[in-house]
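# Tertiary structure, described
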Amino acid sequence: MSGGIDGLVETVLDTLRTPLGLLGVTLVGYQLGRWLQRRSGEHPLVQPVLVAVVVAGMAITLLDVAYDDYRSSTELVAFWLGPATVALAIPLHRQADRLRGFVVPLVVAVVLGAATSIVSAVYLARWLGAGEVLQETLSTKAATTPVAIALTDSLGGIPPLAAVFAIVIGIFGAMFGPATLWLLRVRDRRARGLALGAVSHGVGASRMLLENETEGAFAGLSMGLTALAISLLLPVLALWVF
Amino acid sequence: MIVGLTWLIAFQLLGEVTVQVLDLTVPGPVVGMLYLFVFLRLRQPAADAPVLRAGTGLLRHLQLFFIPAGVGIVASFGVIGADWLPILVAMLGSWFLGLAVVGWTSTGLERLLGQPRDDQPRTPRAAR
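From a predicted model like this one, the values you see are computed outputs, not experimental measurements. (Residues numbered from 1 in each chain as written. Chains lettered and ligands numbered in written order. Predicted model: local features only at pLDDT ≥ 70, side-chain atom pairs only at ≥ 80, totals over all residues.)

### With respect to the overall build of chain B
Our working definition: Helix and strand definitions follow DSSP, with helices as H or I runs of at least four residues and strands as E runs of at least two, each counted in order from the N terminus. Remark: C-beta atoms are placed from the backbone, and a residue is labelled buried if 20 or more other C-beta atoms sit within 10 Å of its own, exposed if 12 or fewer do, or partly exposed between those counts. In this description, a residue-residue contact is defined by the distance between C-beta atoms placed from the backbone, which must lie within 7 Å.
Secondary structure assignment for chain B yields 7 helices and 0 strands. Looking at chain B residue by residue over its 128 residues, the buried ones come to 39%. For chain B, the proportion of contacts with a sequence separation of at least 24, taken over those separated by at least 6, is 39%.

Quick look at the structure:
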């Protein structure tokens, strides 16, 4: 039995490479993130999604699992993003009274914000020498992931990269968004949610939902309206910026 | 739980069908969210209704559902390569500008239209 230990290690590693193992790594990474978040006294830089992405990303690198295999193994987790997005109507329903007197500011701000996100991303990237394909891929990053993928595809950008940009800016927003809004002196909770949802979509909303229902509700609404605004504006703006 | 999840999936399906029929680029769940909102406003279900319990439960773990997409970063390191600087600046710059435009436009218009501003804690600490 000289190979006993090696054999056992090999069996454990092979089991981790199965869909069940990869799902387990993802859930354990998420729980570790939640534990660290509590231990750090809810420090904004400790977002469970970030911890879990680092854990799962290192795991698939070490286990030599291709990302596509990981993605299909964890479809069970990703699936719930759809019903959870639908559920964003719930905090908004509870906060519906706060929509009064805010509808016009909300719509104007979201449309201006969507245009700003698209145009500034394209021009900043161009200014620093990025090619047109990369500019197109960056132009959709403020939209929620499925919208970013679909629009980037229609523009001729790189859809998987657009998904990564969207998720990265989402996590960044969850970490730094509320603090930046204090610096910008945006104090109205409705406006704070609206602003973060417009630039960091659902991931930004996920942090706000845990801290303040008004902010979370308006971030969720903003995510939806921004997806709509970017879908409508991008084909028009593309004629002008590209 | 299952009753509530069935409701959420039914609204998502309704959204998906709408998107397909009208050929929209907006995702089905976003349209489903609008339908659920209208439904909740019209029906005003009790606070412990299954759809509200299931939805609130899912939203508490919203970050979990983004992890599979987030791990895609690992696969994109190679593509980013030499273009890291324009990507970094465009991402952060555009994020900041978008945040400021939405935050300032909405609060500015509120004031302009004479609507009283909502709850406004003065400092991050008071907000807790």
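From this point, the narrative continues.
### Concerning the overall build of chain A
In terms of regular secondary structure, chain A is built from 13 helices and 0 strands. Each helix and strand of chain A, placed in order from N terminus to C terminus, yields the pattern α-α-α-α-α-α-α-α-α-α-α-α-α. With the principal axes as the frame, chain A shows a C-alpha extent of 75 × 40 × 30 Å. Here chain A holds 242 residues, and the buried ones make up 56% of them. A sequence separation of at least 24 residues applies to 61% of the contacts in chain A between residues at least 6 apart.

### Structural notes on unusual backbone geometry
Residues and elements named next belong to chain A. A positive phi angle, near 60°, is found at Asp64, a position not held by glycine. For Asp64, the location among the structural elements is in the loop between helix 3 (48-63) and helix 4 (67-73). Backbone geometry at Arg185 places phi at a positive 60°, although glycine is not the residue there. Residue placement: Arg185 occurs in the loop between helix 11 (159-183) and helix 12 (189-211).

### Quick word on the domain arrangement of chain A
Residues and elements named next belong to chain A. Stated precisely, the cut-off is as follows: Segment limits for the domains were obtained from an automatic or database-derived domain assignment. For this scheme, ten residues count as nonpolar: Ala, Val, Leu, Ile, Met, Phe, Trp, Tyr, Cys and Pro. Four count as charged, namely Asp, Glu, Lys and Arg, and the remainder, Gly too, count as polar.
When the domains of chain A are assigned, the result is domain 1 (1-78) and domain 2 (80-242). Domain 1 puts 7 residues into the contact, and the matching count from domain 2 is 9 residues. Taken together, the elements giving at least two residues each to the side of domain 1 that touches domain 2 come down to helix 3 and helix 5 (75-78). The residue makeup of the side of domain 1 that touches domain 2, split by class, is 6 nonpolar, 1 polar and no charged.

### A word on the nonpolar core
The condition is simple: Under the definition applied here, buried Ala, Val, Leu, Ile, Met, Phe, Trp, Tyr and Cys residues are grouped into a nonpolar core through C-beta atoms within 7 Å.
Within the largest apolar cluster, 110 residues are counted, with the highest numbers of intra-cluster contacts made by A:Ala89, A:Val110, A:Ala195, A:Ile230 and B:Ile67. In terms of residue count, helix 11 of chain A provides more of this core than any other element does, 14 residues in total. Once residues within four sequence positions are removed from consideration, A:Ala195 is found in contact with A:Leu181, A:Val186, B:Leu99, B:Val102 and B:Gly103.

### Side note on the packing of helix 1 (residues 2-22) of chain B against helix 3 (residues 50-60) of chain B
For any two helices packed against each other, one specifies the inter-axial angle together with the distance between the axes. All names here are of chain B. Note the following rule: For helices, the fitted axis covers only the stretch in contact; all axes are lines through C-alpha atoms, and the angles between them, taken along N-to-C directions, range from 0 to 180 degrees. Note that the term roughly parallel is reserved for angles under 35 degrees, roughly antiparallel for angles over 145, roughly perpendicular for angles of 65 to 115, and oblique for everything else.
Their axes nearest at 7 Å, the elements helix 1 and helix 3 cross at an angle of 85°. When the interaxial angle is binned, helix 1 and helix 3 end up roughly perpendicular. Along its contact with helix 1, which presents Val3, Gly4, Leu5, Trp7 and Leu8, the element helix 3 presents Pro50, Val51, Arg53, Ala54 and Gly55.

### Some details on the confidence of the model for chain B
Rule in force here: A residue's pLDDT is the predictor's confidence in that residue, given on a scale from 0 to 100.
In the predicted model, chain B carries a mean pLDDT of 89, and the fraction of residues at 70 or more is 89%. This complex was scored by the predictor with a pTM of 0.92 and an ipTM of 0.93.

### Regarding the interface of chain A and chain B
At the interface, 99 residues of chain A touch 67 residues of chain B. Top contributing element to the side of chain A that touches chain B by residue count: helix 11 of chain A, with 16 residues. Class assignment of the residues belonging to the side of chain A that touches chain B gives a composition of 67 nonpolar, 24 polar and 8 charged.

### Description of helix 11 of chain A
Residues and elements named next belong to chain A. The test is simple: The length a helix should cover is 1.5 Å for every residue beyond the first. One axis fitted to the seven residues ending at a residue, another fitted to the seven starting there: the angle between these axes is the bend at that residue.
Along its 25 residues, helix 11 runs 33 Å from first to last C-alpha, staying within 8% of the 36 Å computed at 1.5 Å per residue. Along helix 11, the largest kink reaches about 55° and is centred on Phe176; proline Pro178 follows within four residues of it. Among the 25 residues that make up helix 11, 18 are buried, leaving the element largely enclosed by the rest of the structure. Backbone geometry just downstream of helix 11 places Arg185 in the positive-phi region, at approximately 60°.

### Considerations on the packing of helix 11 of chain A against helix 6 (residues 84-112) of chain B
What counts is decided by this rule: Working rule for handedness: look at the near helix, and if it is turned counterclockwise from the far one by less than a right angle, call the crossing left-handed; if clockwise, right-handed.
As a packed pair, helix 11 of chain A and helix 6 of chain B sit with axes 11 Å apart at the nearest point and diverge in direction by 50°. One element, helix 11 of chain A, and the other, helix 6 of chain B, form an angle in the oblique class. For helix 11 of chain A against helix 6 of chain B, the interelement crossing comes out right-handed. For the pair formed by helix 11 of chain A and helix 6 of chain B, the contact residues are A:Phe165, A:Ile169, A:Phe172, A:Gly173, A:Gly177, A:Thr180 and A:Leu181 on the first element and B:Met91, B:Trp95, B:Leu99 and B:Gly103 on the second. Residues of the contact of helix 11 of chain A with helix 6 of chain B, tallied by class, amount to 7 nonpolar, 4 polar and no charged.

### What about the environment of A:Ile5?
Relative to the elements of secondary structure, A:Ile5 occurs in helix 1 (residues 4-16). Along the backbone, A:Ile5 and A:Arg190 are 185 residues apart, and their C-alpha atoms lie at a distance of 58 Å.

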